[in-house]
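# Tertiary structure, described
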Amino acid sequence: MAKAAAELAISQPAVSKAISDMEHNFGLRLLDRSRSGIEPTAYGRALVMRGHAIFDELKHGVEELEFLSDPRVGDLRIGSTESVAAGFLPAVIKRFSLEQPRVRLDVAQTVMSALHYRELRERSIDLVIGRIPAPFDEDDLEAKVVYNDDTVVIAGRQSKWAKSRKLKLADLVGERWILPPADTMHGAGVPKLFRDSGSAMPPVPITTLSIHLCLRLVASAQFVTMLPGSVLGFSNRDESLKVLPIRLPVGQRPVAIVTLKNRTCSPAAKLFIECVYRTAREDAKALRSAHSEK
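What you see is a predicted model; the values in this text were computed from it and never measured.

### Re the packing of aromatic side chains
The final tally for this structure, using the stated rule, is 5 aromatic pairs. Seen from their ring centres, F96 and F272 are 5.3 Å apart, and the 75° between their planes marks the pair as edge-to-face. On the criterion of sequence distance, the pair formed by F96 in helix α5 (residues 88–99) and F272 in helix α11 (residues 267–282) is long-range, its members being 176 residues apart. An identical accessibility class is assigned to F96 and F272; each is buried. Between Y117 and F136 the ring centres are 5.8 Å apart and the planes differ by 75°, which places this aromatic pair in the edge-to-face class. In this pair, Y117 is assigned in the loop between β4 (103–109) and α6 (118–121) and F136 in the loop between β5 (127–131) and β6 (141–149), connecting sequence segments 19 residues apart. An aromatic cluster is present here, built from F88, Y147 and F234 joined pairwise through their rings.

Structure (C-alpha cells):
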C-alpha cells in the first residue's frame, strides 16, 4: 500500500479507501490481506488484466494524437524469433530506421514454446515477427504471412560434405549436430523429421537457440545444423557456409507478423508492418537464395 501511494503521489489512506470503495461497489474481495503483505484474489487478477488492456488502448490513443501532430515520432516494441532476428529483421530495421529515424524501436527475443505469444497477450510488445505453425490455431491472435521459408541443412564451406552433389539425411547421422532445444516449436519436430527421412535421430552434442553461435560453430566445419533458409540469405556474406543438397520431408514454413486481434495497431506499428512487406518484396532474392543453392 505504501509503495502504491508513493508511486501515485497520494496518501496511503487514500489508496486503502479507493480499494475498499471498489470492493464495496463490486461486492467482491479484490485483495487478500495478511501480515506478510497483500496479493490479488482471482477477482483482483481479472480486474488487473482488463485494466492493462484499458490503459494500453489509452496509451495508444495518446501516441496516435502525438503521431498526427508529428508522424515521425513514436515507440514500437517488437518481439522476434532468433532466426528472423539473425536474417530478415536487420534488413527491415535498417530500412525503417532510415525512413523513420525518430521512431524508437525496442526489440525483444521471443521463444516459440509452450508459452509463446505470452508477451503479446500481456501487451508488453506490440507485434511478433517469426515462423508460425501451420495451421495457426490462436483464436485471439491474427497472423499475416510475410514470406514462406525453407528448412535447410547447413555445413561449413570447408566441410567434407560441401562438394557433395547428392546427399540423404541418413548420410549425416554420424556427424556432430547442433539443433534447437526439444521444448521449442522448432526443436520438437526434429525427431519426426529424421524418422520421416528413414534415419535414426543422431546424437546432439549441442542444443542452442543462438543462431550466431550456431553459424560460427558450423563455419568451423566441425558441425552441421538445420536452419531456416532465409538466415543464410542475409547472414552468409563471407560465404563460409554451404547449404547441403538434402531434400527434407518438410514443407515451407510461414514467417508472419502476429498481432492481437482486437487491438488497434499504433501508427508506428502500421509504418513498420508496411516496411516489413516492402523489404520482403525487394529482398526476395535473398529470401530465395538458400533454396536456389540446393
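Next, the rest of the story.
### Concerning the state of the cysteines
A full pass over the atoms with the stated rule returns 0 disulfides. C265 forms no disulfide, and the closest cysteine sulfur to it belongs to C275, at a distance of 15 Å. On the basis of relative accessibility, which here comes to 24%, the residue C265 falls in the partly exposed class. Among the residues examined, C275 registers a relative accessible area of 0% and is labelled buried.

### Comments concerning the packing of α5 against α11
Their axes nearest at 9 Å, the elements α5 and α11 cross at an angle of 125°. As the angle between them shows, α5 and α11 are arranged oblique. By crossing handedness, the relation of α5 to α11 is classed as right-handed. Between α5 and α11, the residues in contact are F88, L89, A91, V92, I93, R95, F96 and E99 and A268, L271, F272, C275, V276, R278, T279, A280 and E282, respectively.

### A short note on the sheet that holds strand β3 (residues 74–80)
As summarised here, the arrangement of the 5 strands in space is β4-β3-β5-β12-β6, forming an open sheet in which the pairing is mixed. Taken across any chain shown, the strands that pair with only one partner, and hence form the sheet edges, are β4 and β6. Taking the axes of each pair of neighbouring strands and ignoring which way they run, one obtains an average angle of 20° across the sheet. In this structure, β3 lies alongside β5, joined through 3 bridges in parallel fashion. If you follow S80 over to β5, its bridge partner there is I129. Of the strands in this sheet, β3, β4, β5 and β6 touch α5, which is tilted by about 170° from β4.

### Things to note about the layout of surface pockets
Empty space among the atoms can be located by rolling a probe the size of a water molecule over them. When its volume is computed, the largest pocket comes out at roughly 650 Å³. Contributing to the lining of the largest pocket are 36 residues, with R131, P180, M185, H186 and R253 lying nearest its centre. Class assignment of the residues belonging to the lining of the largest pocket gives a composition of 19 nonpolar, 12 polar and 5 charged.

### Comments concerning α11
Under the 1.5 Å per step criterion, the end-to-end length of α11 is 23 Å for 16 residues, consistent within 8% with the ideal 22 Å. P267, A268, A269, F272, I273, C275, V276, R278, T279 and A280 are the residues of α11 that are buried.

### Considerations on the environment of G251
One can find G251 in the loop between β11 (241–243) and β12 (253–260). Classification of G251 by relative accessible area gives partly exposed; the value is 47%. For the pair G251 and N148, spaced 103 residues apart in the sequence, the C-alpha separation amounts to 9.4 Å.

### Quick word on the pairing of strand β1 (residues 31–34)
Looking at chain direction, β1 and strand β2 (residues 37–40) are connected through 4 bridges and run antiparallel. Looking at β2, one finds that R33 is bridged to I38. In this antiparallel pair of consecutive strands, β1 and β2, the connection spans 2 residues.

Procedures and definitions
- Residues numbered from 1 in each chain as written.
- Predicted model: local features only at pLDDT ≥ 70, side-chain atom pairs only at ≥ 80, totals over all residues.
- Heavy atoms only, no water.
- Phe/Tyr/Trp six-rings, centres within 6.5 Å; stacked < 30°, edge-to-face > 60°.
- Helix = DSSP H or I, 4+ residues; strand = E, 2+ residues; numbered from the N terminus.
- Buried < 20%, exposed > 50% of the residue type's maximum accessible area, 1.4 Å probe, protein only.
- Disulfide = S-S within 2.5 Å.
- Axes fitted to C-alpha atoms, helices over the stretch in contact; angles between N-to-C directions.
- Parallel < 35°, antiparallel > 145°, perpendicular 65-115°, else oblique.
- Left-handed = near helix turned anticlockwise from the far one by under 90°.
- Contact = heavy atoms within 4.5 Å.
- Pairing = 2+ DSSP bridges.
- 1 Å grid on protein atoms, 1.4 Å probe; cavity = no way out; pocket = protein on both sides within 12 Å on 5 of 7 lines; lining within 4 Å.
- Points joined across faces, edges and corners; volume = space filled by probe spheres on them.
- Nonpolar A, V, L, I, M, F, W, Y, C, P; charged D, E, K, R; others polar.
- Expected span 1.5 Å × (residues − 1).

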